[in-house]
Structure formats: structure tokens, C-alpha cells
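Fold and geometry: a report
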Amino acid sequence: MDVCLEQKLDFRKISFVHNALPDLSLEEVDTSLEIGSGKPILESPILVKAKSLDEAVRMSSSNKGVAFVAERNDGMGLYVDGNERGALPQGFGLEAAGDGIEAAKIIRAGGVPMIEEGQLADYRLYVQQLRIAMFLTDSKDINRLRKAPIYVTG
């Protein structure tokens, strides 16, 4: 079953079909995300929405490896390690995630998970939850997670 964000699914109604004996170990799970062709590769597909451009630069400087986004005139800007990495492509599909499991569901539905600044303290936990969801669905990388078997209830 193909799922797309245009249907505006309630992510609480999506469940993954777990593979109880994955062929892969948790350490082999690759959470990196490439944005467009020739664009930066991020360590994690979970982006953090900053309140302003200045906040994105400041917070990305002090949170190494974490990608921040902020509204700017030409769309959403991407900031990593205190540096601007350009604008996100139009129609990038940012969706709010409450935790790493919701992040996995958003990725499976074709979007990119985003958390608010207030959730930053839980960022590493969310990435670990995402890795566990990927492990349990035998998804070695983000592209495999996008094809993981699911079922939708209700």
C-alpha cells in the first residue's frame, strides 16, 4: 500500500509490520539523509525548526550534527554546524513529529520529520527511537524505510 502525505493521515493510525528476526543489527542502521542531488547529507532525517534565522545559526553551532531549519524569504533555510546549507527544495514535505516512532512513520509516508526547538533536549532519544523502528522493520537505510510494510487502521 502506498501512502502519501497529501492524504493527511493521522500518524497514530499507522503501524509498521515488524520483522521479528531482522537480518541487520542496530549498529548497521544508517539514518543519514541526502537532500536533493549534490545537496548535503545529514546525519539524521529529523530536522529542528528554529524560531528565527539567528536562532538557527546559533543553535546549530552549539548542537553539532543536528540540522536546523528556519523560515526565510525564499522558503526554509537549512543550517548545520553554524553554517547555512541553502534552502530546502519546494514541496520538501516537512511534518511535525512527536517522537522517533512518529518520525519513522512520516518518513515512510514520504515526508521529512521536524521537531520544535522545545523538543531539542529529546533529539538524541528520537534518533535512537527512529533507529529502533528501522531495525524492527529491517530497514538498513532511509530509502528502505520508505518502502517498509505498514498497515493503516481506521
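My aim in this report is to walk through the structure given alongside it, one point at a time. (Residues numbered from 1 in each chain as written. Predicted model: local features only at pLDDT ≥ 70, side-chain atom pairs only at ≥ 80, totals over all residues. Heavy atoms only, no water.)

1. Some points on the overall build of the protein
What counts here: Starting at the N terminus, helices and strands are each numbered in turn, a helix being any DSSP run of H or I of at least four residues and a strand any DSSP run of E of at least two. The buried label goes to any residue with under 20% of its type's maximum accessible area, the exposed label to any with over 50%, and the partly exposed label to all in between, with areas taken from a 1.4 Å probe on protein chains only. The contact criterion used throughout is that any non-hydrogen atoms of two residues lie within 4.5 Å. For the accessible areas, the method is Shrake-Rupley and the probe is 1.4 Å, while residue cover comes only from the protein chains on display.
In terms of regular secondary structure, the protein is built from 4 helices and 10 strands. When the helices and strands of the protein are placed in sequence order, the string is β-β-β-β-α-β-β-β-β-α-β-α-α-β. In the protein, which comprises 154 residues, the proportion classed as buried is 45%. Pairs at least 24 residues apart make up 56% of the contacts formed inside the protein by residues separated by at least 6 positions. Summed over all atoms, the accessible surface of the protein reaches about 8200 Å², with 49% contributed by carbon and sulfur.

2. Some thoughts on the sheet that holds strand β7 (residues 83-87)
For the record, the criterion: By this definition, two strands are paired if DSSP reports at least two bridges between them. Axis definition: a line fit to C-alpha positions, over the contact stretch in the case of helices; interaxial angles, taken between N-to-C directions, run 0 to 180 degrees.
The 6 strands are arranged β7-β6-β5-β4-β9-β8 in an open sheet whose pairing can be described as mixed. Two strands close off the open sheet at either side, each with one partner strand: β7 and β8 (94-96). Looking at each pair of strands side by side, their axes are set apart by 40 degrees on average, direction ignored. Summarising the sheet, strand β4 (residues 47-49) and strand β5 (residues 67-72) pair through 2 bridges and their orientation is parallel.

3. Looking at the packing of helix α2 (residues 100-108) against helix α3 (residues 123-136)
What counts, and what does not: Angle categories: roughly parallel below 35 degrees, roughly antiparallel above 145, roughly perpendicular from 65 to 115, and oblique for all the rest. Put simply, a crossing is left-handed when the front helix is turned counterclockwise from the back one by less than a right angle, and right-handed when it is turned clockwise.
Viewed as axis vectors pointing N to C, α2 and α3 meet at an angle of 55 degrees, and their least axial separation amounts to 7 Å. With respect to their mutual orientation, α2 and α3 come out oblique. Where α2 crosses over α3, the two elements pack in a sense that is right-handed. Counted together, Gly100, Ile101, Ala104 and Ile107 of α2 and Tyr126, Gln129, Leu130 and Ala133 of α3 form the full contact between these two elements.

4. A closer look at the pairing of strand β6 (residues 75-80)
Burial analysis of β6 places 6 of its 6 residues in the buried class, the great majority of the element. Here β5 folds back onto β6 in antiparallel fashion, the turn holding 2 residues. Taken together, the 3 bridges between β6 and β7 define a ladder with antiparallel strand orientation. Each residue of the ladder has a partner; that of Gly77, found in β7, is Ala87. Between β6 and β7, which follow one another and run antiparallel, lie 2 residues, and Asp81 among them has a positive phi close to 55 degrees.

5. So, the side chain of Thr31
Looking at where Thr31 falls in the secondary structure, it is placed in the loop between β1 (14-16) and β2 (33-34). On the basis of relative accessible area, Thr31 is assigned to the buried category, the value being 7%. Not counting residues within four places of it along the chain, the set of residues in contact with Thr31 comprises Leu42, Glu43, Ser44, Pro45, Leu130, Arg131, Met134 and Ile142.

6. Overview of the pattern of salt bridges
Going by this rule: When a carboxyl oxygen of Asp or Glu is within 4 Å of a side-chain nitrogen of Lys or Arg, the pair counts as a salt bridge.
Across all of its chains, the model carries 3 salt bridges by this definition. Arg58 is the partner of Glu55 in a salt bridge, and the nearest nitrogen-oxygen pair spans 2.9 Å. Separated by 3 residues within a single helix, Glu55 and Arg58 lie in helix α1 (residues 53-62), roughly one turn from each other. Using a relative accessible area of 21% as the deciding quantity, one classes Glu55 as partly exposed. Its salt-bridge partner being Arg72, residue Asp74 comes within 2.5 Å of it at the nearest N-O pair. With a relative accessible area of 49%, Asp74 lands in the partly exposed category. On the accessibility criterion, Arg72 (18% relative accessible area) is buried.

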